[in-house]
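Residue strings, one per chain:
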Amino acid sequence: MIDTMFIGLSLSSILLLVALGLAITYGAMGVINMAHGEMVMLGAYTAVLSRIWLDANIVMAIPIAFVVTAIVGLVIERVIVRRLYGRLLDTLLATWGVAILIQQAIRLEFGLSFFGIHVEGLGPGLQNVPVPAVLQGTFHLAGVEINTYRAFIIVVTAALAAVTWFLLQRTSIGMQVRSIIRNPKMAAACGVDVARVNALTFAFGSGLAGIAGVMMSGFKTVFPDMGTPMVVDGFLVVVVGGVGSLLGSVLSAGLLGEINSVVAALKNDTIARAVIFGVVILIIVVKPKGLFSFRGR
């Protein structure tokens, strides 16, 4: 059971990386970003291409994936999302279209086939990223055998969550983000450059999703549709934890990840998914604003 709960903790870590960006983006911008899962997929493919082009392992691919997906997120915000603020359904449909375009771009090998160039790893086939030797195997902790790579995922996620907390709570840009989450119009009236802060927030959230993709590539197959279920799971974490709440996202990801791991070990994955949705529905009924939400007047 301890081993199962540790596996659940590693799954919770992936969920948290995906949900952090969604929680901040939706809280600050009021945007339902359906392309967020594709940032996870792009991060995984960045790990694949980093290995092919740069001979870089998963650890080296983490900063590369963050930069790549952050730039892609910034472009999406500048070109599409910025023109649709205040139009919730329009942003949902627009980002859904972006997600489809990104998936097709991967299947078409990023358009390189038009130039007669073929690069292994860009096509629609299944890809795998090997885990570095130092992260393979297991180690013993308190009499329990722990998977080294899953422990690495937990450590990286904890570090990124701490960095995100520091940025939100101890920096001027974080104070601006929190003010926009509370009241964007009042923040703008007080001199906050809402457009600039939103763009940086969107890029940062996309970068975190890219890192989640790199982490996933170490134990899951990489393919163009891999990000689609992740955006659903990410929104479940956001809804349960409370929009814009970092603590809520952490606890919600831990709760849902552990439930999924334990129930899947006792029964199967299908029943685990059903139990998770049941828990989410129950929490929404009891606390419509999530486990943690900002107090209002």
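Details of the structure are given in the entry above.
Parameters and conventions
- Residues numbered from 1 in each chain as written.
- Predicted model: local features only at pLDDT ≥ 70, side-chain atom pairs only at ≥ 80, totals over all residues.
- Heavy atoms only, no water.
- Helix = DSSP H or I, 4+ residues; strand = E, 2+ residues; numbered from the N terminus.
- Rg over C-alpha atoms; globule rule 2.2 N^0.38 Å.
- Buried < 20%, exposed > 50% of the residue type's maximum accessible area, 1.4 Å probe, protein only.
- Contact = heavy atoms within 4.5 Å.
- Axes fitted to C-alpha atoms, helices over the stretch in contact; angles between N-to-C directions.
- Parallel < 35°, antiparallel > 145°, perpendicular 65-115°, else oblique.
- Left-handed = near helix turned anticlockwise from the far one by under 90°.
- Nonpolar A, V, L, I, M, F, W, Y, C, P; charged D, E, K, R; others polar.
- Arc of directions from axis to C-beta.

Enquirer: Account for the overall build of the protein chain, with residues named and values stated.
Expert: Per the secondary structure count, the protein chain includes 11 helices and two strands. Walking the protein chain from its N terminus toward its C terminus, one meets helices and strands in the order α-α-α-α-β-β-α-α-α-α-α-α-α. Its C-alpha atoms give the protein chain a radius of gyration of 19 Å, near enough to 19 Å, the size a compact globule of 297 residues would have. Principal-axis analysis of the C-alpha atoms gives the protein chain an extent of 55 × 55 × 35 Å. Looking at the protein chain as a whole, 50% of its 297 residues are labelled buried.

Enquirer: Just give me the short version of the environment of Leu16, but keep the residues and values in it.
Expert: Locating Leu16 in the fold gives a position in helix α1 (residues 2–29). What makes Leu16 buried here is its relative accessible area of 8%. Spatially, the C-alpha atom of Leu16 lies 17 Å from that of Ala35, the residues being 19 residues apart in sequence. The contacts of Leu16, once residues within four sequence positions are left out, are Thr157, Ala161, Ser249, Val250 and Ala253.

Enquirer: An account of the packing of α1 against helix α10 (residues 246–266) is requested, with residue identities and associated values reported.
Expert: The axes of two packed helices give the description: the angle between them and the distance between them. Between α1 and α10, the shortest axis-to-axis distance is 7 Å and the interhelical angle comes to 140°. Put simply, α1 runs oblique to α10. By crossing handedness, the relation of α1 to α10 is classed as right-handed. Residues Thr4, Met5, Ile7, Gly8, Leu9, Leu11, Ser12, Leu15, Leu16, Leu20 and Ala23 of α1 pack against Leu246, Ser249, Val250, Ala253, Gly254, Gly257, Glu258, Asn260, Ser261, Val262 and Ala265 of α10. Across the contact of α1 with α10, the residue classes break down as 13 nonpolar, eight polar and one charged.

Enquirer: Please provide a residue-by-residue account of helix α6 (residues 172–182), values included.
Expert: The set of residues buried in α6 consists of Gly174, Gln176, Val177, Ile180 and Ile181. For α6, the angular spread of the buried residues around the axis is 160°, confining them to a single face.

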